[in-house]
Amino acid sequence: MLHQLVDYIVENRLSTTEIADAMDKSGVLGRVLPLNRGLHHVGPIFPVFAANGSNFAVHEQIRNVPAGSVVVIFVENCDQKAIMGELMVKYMLLYRKARAVIIDGLVRDAARLYRENFSVWAQGVTPLGCVNTSSDPFTPSRQQELIEQYQGGLAVCDDGGVVLVPKSWIGPDLLTRFERIELQEDVWSFCLNSLKWDTKKIVCDKAYLDEMEVLPAMMRGQIDELRHGFKK
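Residues numbered from 1 in each chain as written. Predicted model: local features only at pLDDT ≥ 70, side-chain atom pairs only at ≥ 80, totals over all residues. Heavy atoms only, no water.

**Points about the side chain of Lys206**
With respect to the secondary-structure elements, Lys206 resides in the loop between α8 (199-204) and α9 (217-220). Put simply, Lys206 is tucked away with no salt bridge, and the nearest opposite charge, on Asp205, sits 8.5 Å away. One polar contact links the side chain of Lys206 to the main-chain carbonyl oxygen of Val203, over a distance of 2.9 Å. (Helix = DSSP H or I, 4+ residues; strand = E, 2+ residues; numbered from the N terminus. Buried < 20%, exposed > 50% of the residue type's maximum accessible area, 1.4 Å probe, protein only. Lys, Arg positive; Asp, Glu negative; His and termini not counted. Salt bridge = Lys/Arg side-chain N within 4 Å of Asp/Glu carboxyl O. Polar contact = N/O pair within 3.5 Å; in protein donor to acceptor, adjacent residues only side chain to side chain.)

**Focus on the sheet that holds strand β2 (residues 41-51)**
On the basis of which strands lie adjacent, the open sheet formed by 7 strands has the order β1-β7-β5-β3-β2-β9-β10 and mixed pairing. In the strand order of this sheet, the two ends are held by β1 (33-34) and β10 (161-165), each with one partner. Contacting β2, β3 (70-76) and β10, helix α6 (residues 140-150) runs over the sheet at an angle of about 175 degrees to β2. (Pairing = 2+ DSSP bridges. Contact = heavy atoms within 4.5 Å. Axes fitted to C-alpha atoms, helices over the stretch in contact; angles between N-to-C directions.)

**What about the nonpolar core?**
Considering soluble globular proteins, one finds that nonpolar side chains tend to be buried as a cluster. The biggest cluster of nonpolar side chains holds 25 residues, and the ones touching the most others in it are Val58, Ile73, Ile83, Met84, Ile103 and Val107. Residue contributions to this core peak at 4 residues, all from helix α4 (residues 86-95). (Core = buried A, V, L, I, M, F, W, Y, C linked by side-chain atoms within 4.5 Å.)

**What to know about helix α1 (residues 2-12)**
Of the positions making up α1, those classed as buried are Leu2, Leu5, Val6, Tyr8 and Ile9. One side of α1 holds all its buried residues, which, seen down the axis, span an arc of 165 degrees. Opposite the buried face of α1, at more than 90 degrees from it, the exposed residues are His3 and Glu11. One or two positions beyond α1, positive phi appears at Arg13, with a value near 45 degrees. (Arc of directions from axis to C-beta.)

**Observations regarding the pairing of strand β9 (residues 154-158)**
Of all 5 residues in β9, 5 are buried; the element is thus mostly enclosed. As paired strands, β2 and β9 are joined by 4 bridges and run antiparallel to one another. Looking at the pairing, Val42 lines up with Val156 of β9. In this sheet, β10 lies alongside β9 in antiparallel orientation, the contact comprising 5 bridges. By the bridge assignment for β10, Asp158 is matched with Gly161.

**Points about the sheet that holds strand β4 (residues 82-84)**
If you walk across this open sheet you meet the 3 strands as β4-β6-β8, and the pairing is parallel. In this open sheet, the two strands that pair with only one neighbour each are β4 and β8 (124-125). Here 2 bridges tie strand β6 (residues 106-107) to β8, and the two strands are oriented parallel to one another. Residue pairing in the sheet places Val107 in a bridge with Val125 of β8.

**Here we look at the packing of aromatic side chains**
For the structure on display, the rule yields 4 aromatic pairs. Ring centres 6.5 Å apart and planes at 15 degrees place the aromatic pair Tyr8 and Phe178 in the stacked group. You can see Tyr8 sitting in helix α1 and its partner Phe178 sitting in helix α7 (residues 172-193), a full 170 residues away along the chain. An identical accessibility class is assigned to Tyr8 and Phe178; each is buried. Centre to centre, the rings of Phe74 and Tyr150 are 5.8 Å apart; their planes meet at 25 degrees, and the pair counts as stacked. Of this pair, Phe74 sits in strand β3 while Tyr150 sits in helix α6, placing them 76 residues apart in sequence. Members of the aromatic cluster, joined through ring pairs, are Phe49, Phe74, Phe138 and Tyr150. (Phe/Tyr/Trp six-rings, centres within 6.5 Å; stacked < 30°, edge-to-face > 60°.)

**Notes on the environment of Lys206**
Given a relative accessible area of 17%, Lys206 falls into the buried group. As for Lys206 and Arg227, which are separated by 21 residues in sequence, their C-alpha atoms are 9.7 Å apart.

**A few points about the side chain of Thr16**
Within the secondary structure layout, Thr16 lies in helix α2 (residues 16-22). Setting aside chain neighbours within four positions, we find Thr16 in contact with Val156, Cys157, Asp158, Gly160, Gly161, Val162 and Val163.

And the structure:
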């Protein structure tokens, strides 16, 4: 099911906006934005943990990054220091073949990351990096909680930011939600661009459910799906 969801997101280029809406407006990794524009990646989450101003444990953990995964680095108590720079990012993307790197914190070597158009999402950039000697570990109970929540889940990242799909969401119902959100976006676009309806009539009133005759036949055949759909 995980790979089926990945394929659907890639083939239909579902945005983080659509994914979050399909998940009842949840899943967004706050304050994390793309370093480079025009990128869209989705893949299984590989969680990594950085803590207490050191990236020593990160160097150890990224040795095991699976090809095709999205590396998500959870950060604890790093005092506005960069978790990594170009060297570690390049290792993961080029040599471990990760699809993207997401840091719930800062990165450095910004000029090189921009120049290489690397697939990196982070809270921001700084020249100041973590030390590469060992430190106290990430809080074990919190780390285990994050592993249980996200390992086996999906990360989706684009110009809008990052959405993490927890393992508990993975299943046929989520695929149905994706299909419905795609249909809803098509219907809304038609109502706005072709019918020139105002946004309250489209989004709030959902007038298309009662005026189905104005929709193309293909949409009318599917419109009942949206009666079970989303509240925006």
